[in-house]
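# Breakdown of the fold
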Amino acid sequence: MFDTHMILSIAAVAFFGAVIGLDRTAVGQCMVSQPIVAGPLTGWMLGDPAAGIIIGAVLELIWVLDMPVGTFVPADATISAVSATAIAVMGGAGGAPLPLIGFCILLTVTMVPVTMKADSIVRHWNSRLTDAVMAASGEDAGRALVRAHLTGLSAFYVKSVLLYLVFLPLGVAAVYLFKQLPENVHRAMSLFVKLLPLLGIALVVRKLSMNMIDLFLLSGFAIAAVAGHFFHGQAFIMLLLVVSGGWLGARFREWHS
Amino acid sequence: MNGIRKKVSVADLLGVFLRSLLLQASWSFERMQSLGFAFAIEPVLKKLYPEVAEYEARLHRHMEYFNTQPYLASFILGAVVRMEEERTASLHASDDAAGLKSALMAPLGALGDSFFWGALKPLAAAGAVALIMTGYWWAPLLFLAFYNVWHLGLRVAMLFLGYTSGGNAVELMTRFGFMKMAKRFKVITLTILGGIIAMAPDWRPEFQPNATMPVPFLMVLWLAAVLALVAILRRGGSPIKLMLGLAALCLALAYAGVIV
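These numbers come from a predicted model, not from an experiment.

Once that is clear, we can look at the overall build of chain B. A count of helices and strands for chain B gives 10 helices and 0 strands. Sequence-ordered secondary structure for chain B, helices as α and strands as β, is α-α-α-α-α-α-α-α-α-α. Computed over its C-alpha atoms, the radius of gyration of chain B comes to 25 Å, more than 25% above the 18 Å expected for a compact globule of 260 residues. Projected onto its principal axes, the C-alpha coordinates of chain B cover approximately 80 × 35 × 30 Å. The buried share of chain B, reckoned over its 260 residues, is 48%. Sequence separation of 24 or more characterises 73% of the internal contacts of chain B that already satisfy a separation of 6 or more.

Let's shift gears to the overall build of chain A. Along its length, chain A carries 10 helices and 0 strands. Secondary structure elements of chain A occur, N-terminal to C-terminal, as α-α-α-α-α-α-α-α-α-α. For chain A, the C-alpha atoms occupy an extent of roughly 70 × 55 × 30 Å along the three principal directions. Taken over 257 residues, chain A has a buried fraction of 56%. Here the contacts in chain A between residues at least 6 apart in sequence split such that 68% fall between residues at least 24 apart.

Right, let's get into the domain arrangement of chain A. In terms of domain boundaries, chain A breaks down into domain 1 (4-208) and domain 2 (211-257). A straight line from the C-alpha centre of domain 1 of chain A to that of domain 2 of chain A covers 33 Å.

Turning our attention to the packing of helix α2 (residues 35-46) of chain A against helix α6 (residues 139-165) of chain B. It is at 9 Å that the axes of α2 of chain A and α6 of chain B come closest, and there the two elements cross at 140°. By the angle between their directions, the pair α2 of chain A and α6 of chain B is classed as oblique. In this structure, α2 of chain A meets α6 of chain B at a crossing whose hand is left-handed. Across from Ile36, Val37 and Pro40 of chain A in α2 of chain A, the residues of α6 of chain B making contact are Pro140, Phe143 and Leu144 of chain B.

Each partner contributes to the interface: chain A provides 94 residues, whereas chain B provides 91 residues. Put simply, the parts of the chain that give the side of chain A that touches chain B at least two residues each are α2, α3 (49-63), α5 (98-126), α6 (129-135), α7 (140-178), α8 (183-208), α9 (215-230) and α10 (235-256) of chain A. It is α8 of chain A that contributes the most residues to the side of chain A that touches chain B, 19 residues altogether. The class makeup of the residues in the side of chain A that touches chain B is 63 nonpolar, 23 polar and 8 charged.

Let's shift gears to the domain arrangement of chain B. What the domain assignment lists for chain B is domain 1 (10-186) and domain 2 (209-260). The C-alpha centroid of domain 2 of chain B is placed 41 Å from the C-alpha centroid of domain 1 of chain B.

Turning our attention to unusual backbone geometry. All names here are of chain A. In this structure, glutamine 29 takes a positive phi of about 55° despite not being glycine. Mapping glutamine 29 onto the fold places it in the loop between α1 (4-22) and α2. The residue methionine 31 is not glycine, and still its phi comes out positive at about 75°.

Turning our attention to the environment of methionine 90 of chain A. Structurally, methionine 90 of chain A is set in helix α4 (residues 77-92). Leaving out residues up to four positions away in the same chain, methionine 90 of chain A has contacts with Met6, Ser9, Leu46 and Val172 of chain A.

Here we take up the packing of helix α5 (residues 97-133) of chain B against helix α8 (residues 178-198) of chain B. Residues and elements named next belong to chain B. Relative to each other, α5 and α8 sit at 25°, their axes nearing to 9 Å. Classified by the interaxial angle, the pair formed by α5 and α8 is roughly parallel. Judged by the sense of rotation from one axis to the other, the crossing of α5 with α8 is left-handed. For the contact of α5 with α8, the class distribution of residues is 18 nonpolar, 5 polar and 1 charged.

It is worth spelling out helix α10 (residues 239-255) of chain B at this point. In this model α10 of chain B runs 24 Å from its N-terminal to its C-terminal C-alpha over 17 residues, within 8% of the 24 Å that 1.5 Å per residue would give. Every buried residue of α10 of chain B is listed here: Pro239, Met243, Ala247, Cys250 and Ala254 of chain B. Burial along α10 of chain B is one-sided: seen end-on, the buried residues are contained in an arc of 80°. In α10 of chain B, those exposed residues whose orientation departs by more than 90 degrees from the buried face are Lys241, Ala248 and Ala252 of chain B. Considering only its buried residues, α10 of chain B is in contact with α3, α5 and α8 of chain A. Count one or two residues on from α10 of chain B and you reach glycine 257 of chain B, which has phi positive near 80°.

Turning our attention to the nonpolar core. Membership of the largest hydrophobic core comes to 178 residues, with the highest contact counts inside it found for Ile101 of chain A together with Val129 of chain B. At 20 residues, α5 of chain B tops the list of elements feeding residues into this core.

Confidence along chain B averages 91 in pLDDT terms, with 96% of residues attaining 70 or more. Per the prediction output, this complex has pTM 0.93; the corresponding ipTM is 0.94.

Glancing now at the environment of phenylalanine 178 of chain B. Residue and element names in this part refer to chain B. Position of phenylalanine 178 relative to the elements: it lies in helix α8. Judged by the 20 C-beta atoms lying within 10 Å of it, phenylalanine 178 is buried. Separated by 63 residues in sequence, phenylalanine 178 and phenylalanine 115 place their C-alpha atoms 6.2 Å apart. What phenylalanine 178 contacts, discounting residues up to four positions off in sequence, is Leu111 and Phe115.

Reading the values: rules and limits
- Residues numbered from 1 in each chain as written.
- Chains lettered and ligands numbered in written order.
- Predicted model: local features only at pLDDT ≥ 70, side-chain atom pairs only at ≥ 80, totals over all residues.
- Helix = DSSP H or I, 4+ residues; strand = E, 2+ residues; numbered from the N terminus.
- Rg over C-alpha atoms; globule rule 2.2 N^0.38 Å.
- Buried ≥ 20, exposed ≤ 12 C-beta atoms within 10 Å, placed from the backbone.
- Contact = placed C-beta atoms within 7 Å.
- Domains from an automatic or database assignment.
- Axes fitted to C-alpha atoms, helices over the stretch in contact; angles between N-to-C directions.
- Parallel < 35°, antiparallel > 145°, perpendicular 65-115°, else oblique.
- Left-handed = near helix turned anticlockwise from the far one by under 90°.
- Nonpolar A, V, L, I, M, F, W, Y, C, P; charged D, E, K, R; others polar.
- Expected span 1.5 Å × (residues − 1).
- Arc of directions from axis to C-beta.
- Core = buried A, V, L, I, M, F, W, Y, C linked by C-beta atoms within 7 Å.
- pLDDT = per-residue confidence, 0-100.

Laid out in structure tokens, this is it:
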């Protein structure tokens with residue numbers, strides 16, 4: 001199960017995934033760490049970008065509005081997306097089938113509380129860094145500040161590497177067990193992937209709208225449904241029409257109020 | 001700035017911008033972004049305060065508690081740089097940088113969370129997911145490009161606005177209209193989400209149901225499912241619990257023979 005290629009792949013994902021993960025909090029926040037980017041990047045690195053694209057799209061909707069407000073530490077969607085993609089591709093050996101993708105997404109959901117706890121530990125540990133800088137004096141104060149700050153950055157990086165080094169082998173072992181499960185479980189996981197986008201959409205609607213039945217959601221549905229008759233198969237044009245409709249709706253609401 | 005010898009150059013401000021990208025590198029529960037803030041303006045402080053004791057005092061002064069939305073921190077950084085510059089020109093004898101920071105960080109934090117996390121990010125994500133689900137593999141690149149044009153553009157602009165306005169929050173609100181744009185973006189996001197459901201016939205094969213059914217029926221079924229899930233979510237429940245619940249439902253359906 002764990003040959004040299006597999007071990008090297010796990011190590012590569014751990015180091016590469018942790019670099020992407022820095023974007024979550026520590027560096028830039030340019031959204032490279034979002035599942036919709038991290039998933040395809042991981043899949044591309046391991047030779048199956050399609051698996052990463054599916055996992056990334058699904059997890060993006062699920063976690064997009066889990067916001068880092070105040071002291072709240074949100075779920076680490078980067079580790080979820082990278083781990084799910086890597087486990088699916090490594091366990092799939094030559095193309096991850098849909099049931100396996102579903103299983104890997106489910107598997108990484110169970111990892112979320114652990115990632116949140118690990119993040120909290122790092123943030124508690126970082127609290128000590130200020131003391132080292134305050135103790136420094138003269139010109140050394142600036143150097144001590146840079147050292148302490150980059151130590152915090154390293155702590156975030158090391159945390160992610162360690163989590164990957166634990167999660168990925170466990171995940172690959174779990175995939176081995178999953179393959180032995182009855183066909184009904186595989187069918188269920190296939191359906192799970194197909195239904196997850198609906199759950200993701202519902203989660204975003206719930207947070208963006210106060211209404212049980214949102215008129216803008218229904219407007220978008222109606223525009224795309226009608227546009228589908230004329231532009232079937234041309235989703236980009238349909239999306240542009242939907243966005244235009246949304247923009248007009250927003251302006252109408254401003255004007256109306 | 002009339003009559004004041006300008007010590008901070010555009011290059012210095014761009015340096016602050018680059019360092020501000022690491023604002024949260026040592027984020028901690030106790031002082032949050034304090035080290036990051038001091039790290040971002042440290043080169044400017046070094047330039048403004050050649051005397052070591054004064055430089056050290058100012059550096060330590062900026063390591064007090066600080067937390068705001070990381071992008072909008074640019075505005076505060078710009079304002080503080082301006083204040084430090086004026087202080088060295090003896091225009092601000094008192095140390096009111098702390099007051100400025102504490103006055104701005106909470107409201108700007110709320111504003112930034114609402115606009116960037118609550119409106120811009122879901123809009124970019126919804127658009128990219130719509131394209132991915134209909135087979136456009138390059139949608140993640142579009143997501144990055146769309147988001148970062150706003151993100152990086154506004155971050156640089158706010159840094160310079162903070163510097164030139166001296167931290168005038170009214171000017172920030174007037175110039176950028178974050179609240180109005182956030183409302184618009186949220187409406188467009190909701191519209192796109194409705195559009196994604198209606199595009200079900202064009203979804204990638206991986207997301208298509210195994211059973212063949214009439215297209216209008218499929219679209220309405222998916223819409224009803226989303227509305228039902230929204231109703232369930234209003235009664236409470238975390239994403240984790242819902243995903244586990246959904247997996248359990250799928251297993252039950254598989255064992256009941258409903259799906260083949």
